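# Report on the structure
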Amino acid sequence: MTSLDLSVSFQESFKAYDVRGIVGETITAASVEATGAAFVDVLGLAGQAVLVGGDMRPSSPEFAAAFARGAAARGANPVMLGLISTDELYFACGTLSAAGVVFTASHNPAQYNGMKMALPGALPVSSDTGLFDIRDAAARYLAEGIPAAGTTGSSSERDVLADYAGYLRSLVDLTGIRPLKVVVDAGNGMAGLTTPAVLGDAILPALPLEIEPLYFELDGTFPNHPANPLEPENLADLQAAVTAHGADLGLAFDGDADRCFVIDETGAPVSPSAITALVARREIARAKAAGEPEPVIIHNLITSRAVPELVTADGGRAVRTRVGHSFIKTVMAAEQAVFGGEHSAHYYFRDFFNADTGMLAAMHVLAALGHQDKPLSELAAEYSPYHASGEINSTVADKDSAIEHVLDACLGQDVTIDNLDGTTVTATDGSFWFNLRPSNTEPFLRYNGEARDRATMERIRDQVLALVRQGA
């Protein structure tokens with residue numbers, strides 16, 4: 001393969017929010033080194049510290065070292081953070097006021113790796129804030145070589161785990177909760193490192209938590225199950241362990257530990273919308289107690305309508321946004337929102353630099369559960385008044401035509417339609433809504449729907465999916 005061919009394939013690994021590719025094919029040490037140089041040049045970081053860390057994937061140490069070489073070649077000073085979760089990077093960028101990168105492919109299989117980048121203050125680097133400019137410069141450096149800088153930067157090392165754990169504990173006090181037994185499935189990902197530090201006694205004093213660890217061994221080949229809790233089959237081991245241990249709840253983290261999924265004491269999943277509503281209630285109450293008259297909560301358009309209803313009832317203001325962390329973070333900053341949640345179990349906190357952190361969301365759930373006597377199943381039911389379809393993907397060649405086919409069938413019905421992100425159809429009497437959203441990277445049309453009763457949810461779901469798939 002020529003360097004030009006490699007440049008083209010490498011460019012395909014740059015997505016709207018991060019970089020993700022197949023190791024040795026679309027992402028290599030050479031392309032990563034070029035990206036490190038481009039990162040410094042595009043963002044104007046010569047002479048500044050650049051934070052570099054990685055997850056437990058076998059290729060992450062090599063890639064972190066390559067990125068640091070490229071960054072140093074263009075005059076930046078790499079600070080090597082070692083093994084980190086993605087939210088540890090955000091913490092470091094926020095507290096150290098430095099730009100940085102973490103090597104991870106999140107929930108993707110073992111053959112993948114990638115980069116999540118952040119600016120000082122943990123602001124996201126996306127296609128709107130320089131990511132594609134970095135891509136283009138990296139492709140040029142890969143083909144032509146990295147130009148020499150006047151001064152080469154120097155590298156240092158820093159461990160941020162203890163500071164990260166202490167910071168999270170300062171945000172949610174768990175010392176006074178009732179004793180809880182918690183099964184945590186780290187999926188052989190970074191939660192195997194961060195859970196003992198934050199929820200256990202590896203670094204800080206013990207909390208009233210009995211942790212039952214599941215797959216805490218850091219292993220980027222994922223020998224037990226994929227580190228993707230969004231897929232129901234990957235929760236099976238956790239669900240079985242929760243009931244077997246008689247635990248109060250279970251927590252499942254994805255590979256880079258920026259997302260957290262919750263299982264109740266019966267082994268049933270708690271929807272991320274219910275978690276969003278639960279955390280929103282806590283954050284609204286805290287903000288109002290501090291004198292904030294109308295705290296803002298962000299939710300994407302796929303979350304349950306229960307979220308904005310609860311926010312309004314509790315005296316907050318709900319702001320609806322598109323799906324995707326760069327959109328959420330941008331709106332979080334613009335609205336000075338206290339909290340934001342997505343259907344995919346990404347949770348964003350103003351106190352965490354508007355960034356997403358699965359661990360902080362988990363701590364809020366533990367606090368809410370531990371400060372009252374109900375089991376989690378009863379507590380979660382208070383935040384789940386509607387029936388949701390979950391996200392259903394259909395492989396469709398012509399996504400626009402499929403959506404038009406559905407809209408034609410809606411003509412004359414008592415509905416409203418908006419196009420904030422894909423197409424959302426809402427019954428004017430509030431009995432149901434559904435959204436069809438094209439994937440940017442796959443031939444999928446994603447369906448999400450919700451209704452006041454299960455029969456309506458299933459009827460609308462089946463009707464829409466039949467229309468979508470007619471010409472597939």
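Basis of the calculations
- Residues numbered from 1 in each chain as written.
- Predicted model: local features only at pLDDT ≥ 70, side-chain atom pairs only at ≥ 80, totals over all residues.
- Heavy atoms only, no water.
- Helix = DSSP H or I, 4+ residues; strand = E, 2+ residues; numbered from the N terminus.
- Expected span 1.5 Å × (residues − 1).
- Buried < 20%, exposed > 50% of the residue type's maximum accessible area, 1.4 Å probe, protein only.
- Arc of directions from axis to C-beta.
- Contact = heavy atoms within 4.5 Å.
- Polar contact = N/O pair within 3.5 Å; in protein donor to acceptor, adjacent residues only side chain to side chain.
- Core = buried A, V, L, I, M, F, W, Y, C linked by side-chain atoms within 4.5 Å.
- Pairing = 2+ DSSP bridges.
- Phe/Tyr/Trp six-rings, centres within 6.5 Å; stacked < 30°, edge-to-face > 60°.
- Lys NZ or Arg CZ within 6 Å of the ring centre and 35° of its normal.
- Salt bridge = Lys/Arg side-chain N within 4 Å of Asp/Glu carboxyl O.

### Some details on helix H14 (residues 399-410)
Compared with an ideal rise of 1.5 Å per residue, which puts 12 residues at 16 Å, H14 spans 17 Å between its outermost C-alpha atoms and is within 8% of the ideal. Along H14, the residues that are buried comprise Lys-399, Ala-402, Ile-403, Val-406, Leu-407 and Cys-410. The arc enclosing the buried residues of H14, seen along the axis, measures out at 135 degrees, which places them on a common side. Taken together, the buried residues of H14 touch strand E19 (415-418), strand E20 (423-427), strand E21 (432-438), strand E22 (444-451) and helix H15 (454-469). Taking the backbone nitrogen of Asp-400 as reference, a side-chain oxygen 3.5 Å away marks Asp-398 as the first, capping residue of H14.

### Section: the nonpolar core
With 87 residues, the main nonpolar core has Leu-174 and Leu-251 as its most contacted residues. For this core, the element with the most residues is helix H12 (residues 358-370), which contributes 10 residues. Ignoring anything within four residues of it in the chain, the contact list for Leu-251 reads Val-182, Val-183, Val-184, Asp-185, Leu-199, Leu-238, Cys-260, Phe-261, Val-262 and Ala-362. Judged by nonpolar contacts, the second largest core, of 35 residues, contains Ala-66, Ala-68, Leu-119 and Ala-138.

### A closer look at the pairing of strand E10 (residues 260-263)
Residues Cys-260 and Val-262 of E10 are buried on one face, and the alternating residues Phe-261 and Ile-263, pointing to the opposite face, are buried as well. Relative to E10, strand E9 (residues 249-253) runs antiparallel, the two sharing four bridges. The residue of E10 that forms the bridge with Gly-250 is Ile-263. Between E9 and E10, which pair antiparallel one after the other, the connecting turn spans six residues, and Ala-257 there sits at a positive phi close to 65 degrees. Across two bridges, E10 lies against strand E11 (residues 269-270) in antiparallel orientation. Within E11, the residue paired with Val-262 across the bridge is Val-270. Counting the residues that bridge the hairpin from E10 to E11 gives five residues, and of these Gly-267 lies at a positive phi of roughly 95 degrees.

### Re the environment of Glu-335
With respect to the helices and strands, the residue Glu-335 is situated in helix H11 (residues 325-335). A relative accessible area of 27% places Glu-335 in the partly exposed class. As a C-alpha pair, Glu-335 and Phe-349 span 14 residues in sequence and 12 Å in three-dimensional space. A polar contact is formed between the side chain of Glu-335 and the side chain of Arg-317, at a distance of 2.7 Å.

### Looking at the packing of aromatic side chains
For any two aromatic rings, the description comes down to two numbers: the centre-to-centre distance and the angle of the planes. In the structure shown here, the tally under the stated rule is 13 aromatic pairs. Note on Phe-67 and Phe-103: the rings are 5.8 Å apart at their centroids and 75 degrees apart in plane angle, and the pair reads as edge-to-face. With Phe-67 in helix H3 (residues 60-73) and Phe-103 in strand E4 (residues 99-103), this pair connects stretches of sequence that are 36 residues apart. With a centroid separation of 5.9 Å and 25 degrees between ring planes, the pair formed by Phe-434 and Tyr-447 is classed as stacked. With Phe-434 in strand E21 and Tyr-447 in strand E22, the pair connects residues that are 13 residues apart, well separated along the chain. Aromatic rings pair up to connect Phe-91, Tyr-164, Tyr-167, Phe-352 and Phe-353 into one cluster. Sitting over the face of the ring of Phe-132, Arg-135 holds its NZ or CZ atom 4.3 Å from the ring centroid. Seen from the ring of Trp-433, Arg-305 lies directly overhead, with NZ or CZ sitting 4.1 Å from the centre.

### Some remarks on the side chain of Ser-431
Within the secondary structure layout, Ser-431 lies in the loop between E20 and E21. Judged by its relative accessible area of 17%, Ser-431 is buried. Polar contacts involving the side chain of Ser-431 include one to the side chain of Asp-429, which spans 2.7 Å.

### Considering the pattern of salt bridges
Inspection of every chain in the model, using the stated rule, returns 22 salt bridges. Residues Arg-350 and Glu-292 are paired through a salt bridge, measuring 2.8 Å at the closest nitrogen-oxygen approach. Taken together, the residues Arg-350 in the loop between strand E15 (347-349) and strand E16 (355-356) and Glu-292 in the loop between helix H9 (272-289) and strand E12 (296-300) connect sequence positions 58 residues apart. Across the pair Arg-317 and Glu-294 runs a salt bridge whose closest N-O atoms are separated by 4.0 Å. Highlighted residues: Arg-317 in strand E13 (residues 317-321) and Glu-294 in the loop between H9 and E12, separated in sequence by 23 residues.

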